[in-house]
Amino acid sequence: MTESICLKDLAAWLGREIEGDATVALCGVASLEEAGEGDLAFVRSERFAEAARSSRASAFILPPGLDAGGRPAIRSPDPGLDFARSAERLKPRLALDPGIHPSATVDEGAIVAPTASVGARVAIGPGCRVGAGTQLHANAVLYPGVEVGEDCRIYAGVVLREGSRLGDRVVLHSGVVIGADGFGYVRDEAGRYSAVPQVGYAVLEDDVEVGANSTIDRGTLSETRVRRGAKIDNLVHVGHNCDIGEDVVIAAQAGLSGSTVVGREAILMGQVGSAGHLEVGEGAFVGAKTGLHRDVKAGSRVFGYPQREEWAWQRTTAALSRLPELIKRVRDLERKLGLRVPESDREPDDDE
Amino acid sequence: MTESICLKDLAAWLGREIEGDATVALCGVASLEEAGEGDLAFVRSERFAEAARSSRASAFILPPGLDAGGRPAIRSPDPGLDFARSAERLKPRLALDPGIHPSATVDEGAIVAPTASVGARVAIGPGCRVGAGTQLHANAVLYPGVEVGEDCRIYAGVVLREGSRLGDRVVLHSGVVIGADGFGYVRDEAGRYSAVPQVGYAVLEDDVEVGANSTIDRGTLSETRVRRGAKIDNLVHVGHNCDIGEDVVIAAQAGLSGSTVVGREAILMGQVGSAGHLEVGEGAFVGAKTGLHRDVKAGSRVFGYPQREEWAWQRTTAALSRLPELIKRVRDLERKLGLRVPESDREPDDDE
Amino acid sequence: MTESICLKDLAAWLGREIEGDATVALCGVASLEEAGEGDLAFVRSERFAEAARSSRASAFILPPGLDAGGRPAIRSPDPGLDFARSAERLKPRLALDPGIHPSATVDEGAIVAPTASVGARVAIGPGCRVGAGTQLHANAVLYPGVEVGEDCRIYAGVVLREGSRLGDRVVLHSGVVIGADGFGYVRDEAGRYSAVPQVGYAVLEDDVEVGANSTIDRGTLSETRVRRGAKIDNLVHVGHNCDIGEDVVIAAQAGLSGSTVVGREAILMGQVGSAGHLEVGEGAFVGAKTGLHRDVKAGSRVFGYPQREEWAWQRTTAALSRLPELIKRVRDLERKLGLRVPESDREPDDDE
């Protein structure tokens, strides 16, 4: 299925120098351990030199200084990046033929670019626009008025609620739900909850990627926005009216309550939670499982729940480990001074 | 698409007084910032008075005492509630035409009300009943024996496993799975896990709303029940045999292990987790990320992991911040008394 | 729908002794409370003896020593296990007719066993293989090159990305996504994130079960593997290149970052999170909400965040409850010795 490319041409495409046989034909990428005839592998550092020597790959991408042992190789200052690029070239993604599958349902009021691929049983509502080169995989559902830019990949089973707007090269993995109603209620005179109509929409700018089964709710009155280049992992929740900055990274199972603002290039690790209406500053780093209950300063690093600056969290965590011993030391002091040791200290237990 | 309504009629429908031009025509709702000609906006409090003055909305809902500056306005003791009602009126939800889409698969043994809307490629199994005015959006799947009441909205891609029973006005957002098998296993003689057949079912009473990609498992032998008016956010897990009380609120990514009982009007914040077979009392408040490992008293407020009463959690959390300094104070005391300072205290580190 | 079976025959099939009327006809299973005519119920222990006496079940499975009161009963050393087996026999799972539903899309290059059931609107891509007795429910999507073994149950809406491989008797609940791209990026020269092509695949061995809306990403270069008999609950995230051991149990909403290795028979409770590239040893127990940031020894029990051995975690947690009182005791010591009590201790607050 994949055509082969010779080492020399790949290196030229990458803009890198080669060593060894320039004509070796490459048709795939693999790990050092699994590579075989025709595969390109890469070596991140000297640490993997032994694995490289025993690898059966046909060629390697090597960092400066690592001995190629005469085997065909591309020299790269960033082997990981060049390998990723090579993989994109050598293992092309699943291609769908352009055109609309006969089982798809496309409203006559929708505009679908001729080069877009609309898979089996995709539903496209009135007023939708689908850009050139975009793939909509099986069972994807576009409610009315959804706009999808060019070269997007929308995997099987994705749901885009009415009015959602996607830029170019957006990737949504299976099960993603964009633009569901946010979680907002008012209590009526009888004390019962009544849903606040969520009449806004969700916007995902260019180059945003969202992992499987994540949910990004629509704005209440206006928009929820995920800005250019932000990367969101699986099972993440983004509440209504959030504003996620450019190149932000959000790891799996993190959850942002409504109206959270995340500044550009901030990183939120797995299972982070944020109370609503907070601001996470540009470039901030929020450690795994952190529970945010107030703003995070730009460039700062916070951990824990309640959140603390990294140094404070580490100091506190270390001190906590010493707490049981500290209780004994205080008891010793009290005895030395003839003070009464509290009852609780003689029969240690949880006094909560 | 939306017909307009004049201010006077809207106010009469809400049961409120008006000021200014009673004839202004309204055809939508928007935020103060985004509103334009024909839009209704609302002002929650004096804090937003400046934003109101510069808004281009055609009319406003205002709290008592806030100066309308001569512009058309509805006076309301609860602007948020009345705005929500107005939004429901002015931005009607997506309407599907009644009837069954030709691509849907409806078993001949199913009973679907003539006013129900069955969207593209919906699957309805034998023995199902779908009530009047209910919408089943694209790709929704009703396994055999599912009962859905009246005026429900079941969004695209929802799965209702066999025997699930929904009351009236239930809203299930995309990706919700109701009635999947619970997580129960017995180990056989060889020590391997064997699934306990989950032969119960799930019941969602009237006015329950469940957010995108949440999962509510069926009962093992009888039922999992979510009672009238409970509101559940995105990516929430409700295990088998749980009983969620009336008007309970469960925020995103919370998870309840099997047989958890939650009393009416309790509130569980985001990412809360509950061990199985616990009871959360009526009106209790469980703070974000709390890990429940024992019952929660009615009306109490708990936080943290392990859970503590709010006052204890706050006191403990505050004390923890002072722990590193406390260690120094104890060392000073030991020195003053000529006691030996522990090795660990001279070279601070984590002694775990 | 279910045929009845007499008590004697059921007992013989289970290999157990009976008491009372051997000819009573059973046609279902139920809880003690809900059981009626024709139902089998079970009694776990003496604790439920009263509930058994008032139950209207036609027969019971009883542990040794518990008085049957003359009613029809099967004696079992493990009533739970035998009840589960009986339920499997008496309440057969939803059966689909073998064959391919006319609305399904099966690529001509796919091989589907004649005894497999392919439901409405299932999509099966080129190069797929589906084994004997396997059920693919409505809207399931098999991307190209997916292999599914025998007697699997793939519920409605499951997505299997290209190259995924499933063993026999695998059960995937609705909304599960297998083989989505992992979360891996490199930064290019301009500092923008570029996705690392995820060209591996996911393997689920025999008897694996995965709960609703869980996601298991494909390997980056080779495989993500879930080994024989592992049981995974709802909304769980398994990152790329993970290796989940045989008979491992992972409870709801746990998340494993990339390349986590979990040894056989380990148990991870709900909402556990793991940093990447960690190893959880065989038979280890990881308590609910634990945040793993380093390896877990085989057979050990860890809790908390940062993780601690169970004894250390319990000791620390108990000590923490006593911390506020400890601060007072230190102040008393300081006063007794005429030392200056820190400012912060006179007006208690959070000094963070």
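Bear in mind that the values here come from a model prediction, so they are computed numbers and not experimental data.

Colleague: Can you walk me through the packing of aromatic side chains in this structure?
Modeller: The geometry of an aromatic ring pair is captured by the separation of the ring centres together with the interplanar angle, meaning the angle of the planes. Scanning the model with the defined rule gives 21 aromatic pairs over all chains in all. For the ring pair Tyr155(A) and Tyr143(C), a centre distance of 6.2 Å and an interplane angle of 45 degrees mean the geometry is tilted. Here Tyr155(A), found in the loop between strand E17 (153–154) and strand E18 (159–160), pairs with Tyr143(C), found in the loop between strand E15 (141–142) and strand E16 (147–148), and the two come from separate chains. Each member of the pair, Tyr155(A) as well as Tyr143(C), carries the same accessibility label: buried. With a centroid separation of 6.0 Å and 45 degrees between ring planes, the pair formed by Phe285(C) and Phe303(C) is classed as tilted. Pair noted here: Phe285(C) is in strand E37 (residues 285–286) and Phe303(C) is in strand E39 (residues 301–303), with a separation of 18 residues, a long-range link.

Colleague: Explain the relation of the copies chain B and chain A here, please?
Modeller: Both copies of the chain are related through a single rotation about an axis accompanied by a shift along the same axis. Structural alignment of chain B on chain A gives an RMSD of 0.1 Å, achieved by rotating through 120 degrees and translating 0.0 Å along the axis. Look at the turn and shift together and you get a three-fold axis relating the two.

Colleague: What am I meant to see in the pairing of strand E6 (residues 59–62) of chain B here?
Modeller: Residues in a regular strand point their side chains to alternate faces of the sheet. Residues and elements named next belong to chain B. Alternating residues of E6 divide into Ala59 and Ile61 and Phe60 and Leu62, and every residue in both groups is buried. As paired strands, strand E5 (residues 39–42) and E6 are joined by three bridges and run parallel to one another. Counted as the bridge partner of Phe42 is Ile61 from E6. Pairing of E6 with strand E7 (residues 73–75), which is carried by three bridges, proceeds in the parallel orientation. The residue bridging Ile61 from the neighbouring strand is Ile74, located in E7.

Colleague: Please clarify how empty space enclosed by the protein should be interpreted in this entry.
Modeller: If you roll a probe as big as a water molecule over the atoms, it shows you where there is empty space left. According to the stated counting rule, one finds eight cavities of 30 Å³ or more in the structure shown. What the largest cavity holds in volume is close to 920 Å³. Lining the largest cavity are 37 residues, with Gly304(A), Tyr305(A), Gly304(B), Tyr305(B) and Tyr305(C) sitting closest to its centre. Listed by contribution, the elements that provide at least two residues to the lining of the largest cavity are helix H4 (310–321) of chain A, helix H4 (310–321) of chain B together with helix H4 (310–321) of chain C. Tallied by class, residues from the lining of the largest cavity come to 15 nonpolar, 16 polar and six charged. In this structure, the second largest cavity is lined by 29 residues; those nearest its centre are Gly157(A), Gly175(A), Gly157(B), Gly175(B) and Gly157(C).

Colleague: Any chance you could explain the interface of chain A and chain C here in plain terms?
Modeller: Bring the parts together and some accessible area is lost; that lost area is often taken as the interface size. Listed as interface residues are 76 residues of chain A and, on the opposing side, 66 residues of chain C. When chain A packs against chain C, close to 5700 Å² is buried across both sides, 59% of that on carbon and sulfur atoms. The interface formed by chain A and chain C holds three salt bridges in total. A salt bridge links Arg329(C) to Glu334(A); the nearest nitrogen and oxygen atoms lie 2.7 Å apart. At the junction of chain A and chain C, the tally comes to 26 residue pairs in polar contact (both at pLDDT 80 or more). Taken together, the elements giving at least two residues each to the side of chain A that touches chain C come down to helix H3 (79–90), strand E28 (231–232), strand E31 (249–250), strand E40 (308–309), H4, helix H5 (323–336) and helix H6 (343–346) of chain A. Considering every element that reaches the side of chain A that touches chain C, the biggest residue donor is H5(A), with nine residues. For the side of chain A that touches chain C, the class distribution of residues is 34 nonpolar, 15 polar and 27 charged.

Colleague: Explain the pattern of salt bridges here, please?
Modeller: Two side chains of opposite charge can pair, provided their charged atoms sit close to one another. Inspection of every chain in the model, using the stated rule, returns 58 salt bridges over all chains. Where Arg16(B) meets Asp82(B), a salt bridge forms, and the shortest distance between an N and an O atom there is 2.6 Å. Remark: Asp82(B) occurs in helix H3 (residues 79–90) and Arg16(B) occurs in the loop between helix H1 (7–14) and strand E2 (18–19); sequence separation between them is 66 residues. Here Arg228(B) makes a salt bridge to Asp247(B), at a shortest N to O gap of 2.9 Å. Placement of Arg228(B) in the loop between strand E27 (223–226) and strand E28 (231–232) and of Asp247(B) in the loop between strand E30 (243–244) and strand E31 (249–250) is noted, with a sequence separation of 19 residues between them. Taking relative accessible area as the criterion, Asp247(B) reaches 3% and is therefore assigned buried. Through salt bridges with shared partners, one network takes in Glu205(A), Glu223(A), Arg225(A), Arg227(A) and Asp243(A).

Calculation criteria
- Residues numbered from 1 in each chain as written.
- Chains lettered and ligands numbered in written order.
- Predicted model: local features only at pLDDT ≥ 70, side-chain atom pairs only at ≥ 80, totals over all residues.
- Heavy atoms only, no water.
- Phe/Tyr/Trp six-rings, centres within 6.5 Å; stacked < 30°, edge-to-face > 60°.
- Helix = DSSP H or I, 4+ residues; strand = E, 2+ residues; numbered from the N terminus.
- Buried < 20%, exposed > 50% of the residue type's maximum accessible area, 1.4 Å probe, protein only.
- Least-squares fit on C-alpha atoms with pLDDT ≥ 70 in both.
- Pairing = 2+ DSSP bridges.
- 1 Å grid on protein atoms, 1.4 Å probe; cavity = no way out; pocket = protein on both sides within 12 Å on 5 of 7 lines; lining within 4 Å.
- Points joined across faces, edges and corners; volume = space filled by probe spheres on them.
- Nonpolar A, V, L, I, M, F, W, Y, C, P; charged D, E, K, R; others polar.
- Contact = heavy atoms within 4.5 Å.
- Buried area = accessible area lost by both parts, 1.4 Å probe.
- Salt bridge = Lys/Arg side-chain N within 4 Å of Asp/Glu carboxyl O.
- Polar contact = N/O pair within 3.5 Å; in protein donor to acceptor, adjacent residues only side chain to side chain.

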